[in-house]
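# A structural walkthrough
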Amino acid sequence: MVIVTAAEPPPGQTYDFDYSKRYLYRANVAIISAGLTLSTSFLAVRVFTKARLLHKFGWDDVSIILAWLFALGTQACSLYGYRHGGMGLHLWNLPPEVYESYIKVVFTAAIIYVPALALAKISLIILYYRILCQEHYQRWTLYALAFIVSSYSIALIFAFIFGCQPVHKAWSLSVTGSCIDQYALYVATAVMNIITDIALIIVPVPTVIGLNMPTVQKIGLLFMFMVGCATLVTGIIRLITLIPFLNSSDPTHAIGWPDLWINIEANFIIICPCLPFLRHLLRRYAPRWIGEHSSLARRYMQNYAYNYTRESTRGRRKEGLTQLQDEIELAENLGSVHSGVRIVKEIQWEITTEETDAHEPGPEKVMKRHSTISGGV
């Protein structure tokens with residue numbers, strides 16, 4: 001019986017057509033199941049909070065929703081690859097047609113994952129633009145970042161799609177032709193995402209440091225912004241696991257670890273930007289979970305709604321006043337209420353009385369007497 005497989009087994013290895021043991025299959029399924037549950041839940045929290053509670057649904061939310069759709073597609077490719085594309089199995093145990101299915105899955109996932117990463121970053125950039133832009137250099141920095149992310153993402157998508165001549169050479173083993181260096185493409189994707197993640201972490205630092213607030217609160221704000229870019233860690237790990245995979249002569253088996261970290265990152269890019277909005281939801285419906293009384297929560301939402309209405313009626317915010325500063329100021333005021341501190345204002349009224357001196361001859365002379373009354377509220 002002649003056995004036709006995609007490759008010959010290396011010395012010391014034999015054919016094994018038991019496909020029940022796929023390398024890291026269960027781990028990837030667990031990551032995808034848990035990750036999609038969490039990312040979808042946090043995305044729903046963000047959309048509900050922004051649309052219903054804060055009335056601030058914007059393009060950053062549209063962008064993160066699109067990123068979630070592409071991330072979902074990437075993980076669907078992973079599951080399909082394990083079930084039908086030979087992922088997790090040694091190359092020499094796969095028929096050529098299964099190996100072609102594997103190539104198609106990896107090809108499709110690579111194209112889908114690039115816009116997922118790009119849209120998640122664009123969402124953060126839009127959010128930064130709304131709450132951080134006080135100076136012209138900050139605006140131009142964000143413009144430049146948006147341009148860089150969009151440009152290299154579009155370039156990578158076109159490079160993946162049209163990297164081979166003819167195009168179907170990218171997934172067909174029987175077609176002759178030439179392809180650009182796929183190794184460079186995958187590494188470039190990981191490296192560019194790491195660089196832009198670092199840039200997005202650095203961008204809010206000058207604004208937060210310049211705020212007039214205690215150092216501890218500044219550190220807390222910086223941590224909040226860093227949570228949105230926590231994918232930097234997963235991106236670095238993904239790059240570390242990607243290099244051995246790209247150099248492997250057994251890619252269908254070696255893809256296990258890179259695929260695992262891609263699935264983790266695909267959910268992190270959704271969870272991290274949505275996580276800060278959980279605070280608003282808890283403040284409204286479960287304030288005690290975050291150490292606030294329900295009366296404080298109601299006052300917060302009333303003040304937030306008032307600020308939003310005032311902003312919409314007066315148009316553009318006055319220069320130097322951002323949403324971030326509004327929330328910080330509001331939080332500080334509410335903190336004073338929560339701690340029982342009252343703000344006392346001294347108001348002075350100046351009362352002028354007029355009297356006529358009847359004893360003076362000639363025209364009536366008017367005498368003015370000033371008195372000041374002080375009071376506190």
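Everything quoted here is computed from the prediction, not taken from an experiment.

The next subject is the overall build of the protein chain. Assigned secondary structure in the protein chain consists of 13 helices and 4 strands. Within the protein chain, the proportion of its 377 residues that are buried is 42%. Sequence-distant contacts in the protein chain: of pairs separated by 6 or more residues, those separated by 24 or more amount to 73%. Accessible area of the protein chain: about 20900 Å², with a carbon and sulfur share of 64%.

A contiguous nonpolar patch, built from Leu-66, Leu-69, Phe-70 and Leu-72 and spanning about 300 Å² of accessible area, is present on the exposed surface. Of note, Phe-70 is situated in helix H2 (residues 59-84).

Before going further, it helps to spend a moment on unusual backbone geometry. The amide bond that connects Gln-165 to the next residue, Pro-166, takes the cis arrangement and shows omega of -5 degrees. Within the secondary structure layout, Pro-166 lies in the loop between strand S1 (164-165) and strand S2 (178-179). For Leu-24, which is not a glycine, the phi torsion comes out positive at approximately 60 degrees. The topology assignment puts Leu-24 in the segment before helix H1 (25-53). Unusually for a residue other than glycine, His-55 sits at a positive phi of about 55 degrees. Tracing the backbone through its elements, the reader meets His-55 in the loop between H1 and H2.

Here the structure, examined in full by the defined rule, presents 1 disulfide. Two residues, Cys-164 and Cys-179, share a disulfide whose sulfurs are 1.9 Å apart. When the S-S torsion is 110 degrees, as for the bridge of Cys-164 with Cys-179, the disulfide is right-handed. One end of the pair, Cys-164, is in strand S1; the other, Cys-179, is in strand S2, and 15 residues separate them in sequence.

A word on the UniProt feature "transmembrane region" (unreviewed entry) in the protein chain. Mapped onto this numbering, the UniProt entry annotates "transmembrane region" (unreviewed entry) at residues 23-45, 57-82, 102-128, 140-163, 183-209, 221-240 and 260-278. Here residues 183-209 is 93% helix and 0% strand, with 41 Å between the C-alpha atoms at its ends. Along residues 260-278 the backbone is 84% helical and 0% strand, and the end-to-end C-alpha distance reaches 27 Å.

Bringing the side chain of Asn-263 into the picture now. Structurally, Asn-263 can be placed in helix H10 (residues 256-274). By relative accessible area, which is 0% here, Asn-263 ends up buried. At 3.4 Å, the side chain of Asn-263 forms a polar contact with the side chain of Ser-78. Leave out the neighbours within four places in its chain, and Asn-263 touches Asn-28, Ile-31, Ile-32, Gln-75 and Ser-78.

The subject of this paragraph is the packing of H2 against H10. Here H2 crosses H10 at 160 degrees, and the two axes come no closer than 10 Å. Classified by the angle between their axes, H2 and H10 sit roughly antiparallel to one another. In this structure, the crossing between H2 and H10 has a hand that is left-handed. Residues Ile-64, Ala-67, Trp-68, Ala-71, Thr-74, Gln-75, Ser-78 and Tyr-82 of H2 pack against Gly-256, Asp-259, Ile-262, Asn-263, Ala-266, Asn-267, Ile-269, Ile-270, Pro-273 and Cys-274 of H10.

As a further point, take the environment of Lys-21. Here Lys-21 shows up in the segment before H1. The exposed category is assigned to Lys-21, whose relative accessible area is 69%. Linking Lys-21 and Leu-89, residues 68 residues apart in sequence, is a C-alpha distance of 7.7 Å. Among residues more than four places away in sequence, those in contact with Lys-21 are Gly-88 and Leu-89.

Two numbers describe how helix H8 (residues 231-246) lies on H10: the axes approach to 9 Å, and their chain directions differ by 160 degrees. Here H8 lies roughly antiparallel to H10, going by the angle between them. Handedness of the crossing formed by H8 with H10: left-handed. Within the contact between the two elements, H8 uses Thr-231, Thr-234, Gly-235, Ile-237, Arg-238, Thr-241, Leu-242 and Phe-245 and H10 uses Trp-257, Pro-258, Trp-261, Ile-262, Ile-264, Glu-265, Phe-268 and Ile-269. Its residues assigned to classes, the contact of H8 with H10 shows 10 nonpolar, 4 polar and 2 charged.

So, how was this worked out
- Residues numbered from 1 in each chain as written.
- Predicted model: local features only at pLDDT ≥ 70, side-chain atom pairs only at ≥ 80, totals over all residues.
- Heavy atoms only, no water.
- Helix = DSSP H or I, 4+ residues; strand = E, 2+ residues; numbered from the N terminus.
- Buried < 20%, exposed > 50% of the residue type's maximum accessible area, 1.4 Å probe, protein only.
- Contact = heavy atoms within 4.5 Å.
- Areas by Shrake-Rupley, 256 points an atom, 1.4 Å probe, with all protein chains shown as cover.
- Patch = residues over 30% accessible without salt bridge, like charges linked within 9 Å, V, L, I, M, F, W, Y side chains within 5 Å.
- Salt bridge = Lys/Arg side-chain N within 4 Å of Asp/Glu carboxyl O.
- Disulfide = S-S within 2.5 Å.
- UniProt positions renumbered as here; feature names shortened; annotations may be inferred.
- Polar contact = N/O pair within 3.5 Å; in protein donor to acceptor, adjacent residues only side chain to side chain.
- Axes fitted to C-alpha atoms, helices over the stretch in contact; angles between N-to-C directions.
- Parallel < 35°, antiparallel > 145°, perpendicular 65-115°, else oblique.
- Left-handed = near helix turned anticlockwise from the far one by under 90°.
- Nonpolar A, V, L, I, M, F, W, Y, C, P; charged D, E, K, R; others polar.

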